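Structure assessment
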Amino acid sequence: AAVVAVPLFRLLGFSAVLGYLAAGVAIGPSGFRLIGDPETTATVAELGVVLLLFIVGLELKLPDLWSMRRDIFGLGFAQLCVTAVLFGGGATALGVTVHGAVVVGLALSLSATAIALQMLGERNDMQTPYGQRSFAILLFQDISIVPILAFLPLLAATGASAEGSLPETLLVVGKALAAVVAIVLIGRYGLNRLFRILAGSGAREVMTASALLVVLGAAALMQEVGLSMAMGAFLAGLLLAESNFRHQLEADIEPFRGILLGLFFMSVGMSIDLSLVREQWMLLVVATPAVILGKTAVIAILMRLFGAPWRDGIRGGAILATAGEFAFVLL
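Quick caveat, the model's predicted, so the values are computed rather than measured.

Overall, the coordinates contain three salt bridges when judged by the stated rule. Put simply, D71 and R133 hold a salt bridge, and the shortest N to O gap is 4.0 Å. With a gap of 62 residues between them, D71 in helix α5 (residues 69–93) and R133 in helix α8 (residues 129–160) connect regions that are remote in the sequence. The same class applies to D71 and to R133, which are both buried. R257 is the salt-bridge partner of E254, the closest N and O atoms lying 2.2 Å from each other. Pair noted here: E254 and R257 are both in helix α13 (residues 246–271), with a separation of three residues, about one helical turn.

Spelled out as structure tokens, the structure:
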């Protein structure tokens, strides 16, 4: 399904993500019903998101973040908060619960990093002031994915024990912090030595296996203490960003990441209920342009407040108005 759909959508000028979604719809319960239960692919598909977050962490370096700190942590933080509050409030007005509105607001505040960066690159606008500010916002969104993903299951875990005692709640938080500290210590003092020993063996397949072991081991540890698998993978990547083996790790993980992330988007497509879309078509017709225009306006105003001309603000808003792939992950 992916081999047919993705090249076809790329030929038509659309994102590969849309191709995966369409392939999932076609073979899922709302299409030809080749897959009756989308949940059968969900467990494996989630590993694509885990590997993606590992690569995001692997490509981030602290000096690069520091040089752009004002736009990343100022403008980026403002964009995420303002748009999340705006869309969360709108969801509440439509009858969504407070917890649901928080998730909706955060999901809709994110932008499609792959699409935005591709558009900036095609126009050679990456080094322009509006391109740099747009990139800073995207970077903050990518960074914020991890605490957001960690926040949702942790909130559920603490909420489930809310009727219990305070020590139970503190135990949940304490276990999570202990797991984070364990990953940081192992990554800081153990992984480089491990990879150096394995590289000396000359067995390439063992290096690939060890890279997967590190990612999935960190992810499993985070899941065990109630946090997200993606957060563990991101931490592992961040700790290996300065490693001598960074490029080899990225090359080993990339093929798995691409295939499994595509499978994740196909599983999302399989789970789309077209009958529900038909029932809610009026809401979709109104809400979709409202979200795009609202997001463009918020980003344009914020960029103006951070010193950009109105023209740059509107261009940045239009680039970042697209919905993000991670909205599916959060929902």
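Right, let's talk about α13 for a bit. Spacing of three or four residues puts side chains on the same side of an α-helix, whose turn is 3.6 residues. Counted at 1.5 Å a residue, the expected span for α13 with its 26 residues is 38 Å, and the 36 Å between its end C-alpha atoms agrees. Where α13 bends most, the angle comes to about 35°, and this point is I253, followed within four residues by the proline P255.

To continue, consider the packing of helix α11 (residues 204–224) against α13. Closest axis-to-axis distance for the α11/α13 pair is 9 Å, and the angle between their directions is 75°. Comparing their axes, α13 and α11 come out roughly perpendicular. The segment α11 lies against α13, with R204, M207, T208, A211, L212 and V215 engaging Q248, L249, D252, I253 and F256. Here the contact of α11 with α13 is built from residues that sort into seven nonpolar, two polar and two charged.

Further remarks concern unusual backbone geometry. The phi angle at R33 is positive, at roughly 60°, despite the residue not being glycine. Counting through the fold element by element, R33 comes out in the loop between α2 (16–27) and α3 (39–59). Here R33 falls in the exposed class, since its relative accessible area comes to 64%.

Within the secondary structure layout, E250 lies in helix α13. Summary of buried charges: E250 has no salt-bridge partner, and the nearest side chain of opposite charge, R246, is 4.2 Å away. In contact with E250, other than residues within four places in its own chain, are I55, L58 and E59.

Right, let's get into the packing of aromatic side chains. Applying the stated criterion across every chain yields a total of five aromatic pairs. Ring geometry for F195 and F245: centres 6.1 Å apart, planes at 45°, overall tilted. Placement of the pair is F195 in helix α10 (residues 191–201) and F245 in the loop between α12 (229–239) and α13, with a sequence separation of 50 residues. F245 gets classed as buried once you look at its relative accessible area, which sits at 12%. On the numbers, 5.4 Å between centres and 65° between planes, the contact of F264 with F265 is edge-to-face. Joined through ring pairs, the aromatic side chains of F73, F77 and F140 make up one cluster.

Criteria and cut-off values
- Residues numbered from 1 in each chain as written.
- Predicted model: local features only at pLDDT ≥ 70, side-chain atom pairs only at ≥ 80, totals over all residues.
- Heavy atoms only, no water.
- Salt bridge = Lys/Arg side-chain N within 4 Å of Asp/Glu carboxyl O.
- Helix = DSSP H or I, 4+ residues; strand = E, 2+ residues; numbered from the N terminus.
- Buried < 20%, exposed > 50% of the residue type's maximum accessible area, 1.4 Å probe, protein only.
- Expected span 1.5 Å × (residues − 1).
- Bend = angle between axes of the 7 residues up to and from the residue.
- Axes fitted to C-alpha atoms, helices over the stretch in contact; angles between N-to-C directions.
- Parallel < 35°, antiparallel > 145°, perpendicular 65-115°, else oblique.
- Contact = heavy atoms within 4.5 Å.
- Nonpolar A, V, L, I, M, F, W, Y, C, P; charged D, E, K, R; others polar.
- Lys, Arg positive; Asp, Glu negative; His and termini not counted.
- Phe/Tyr/Trp six-rings, centres within 6.5 Å; stacked < 30°, edge-to-face > 60°.

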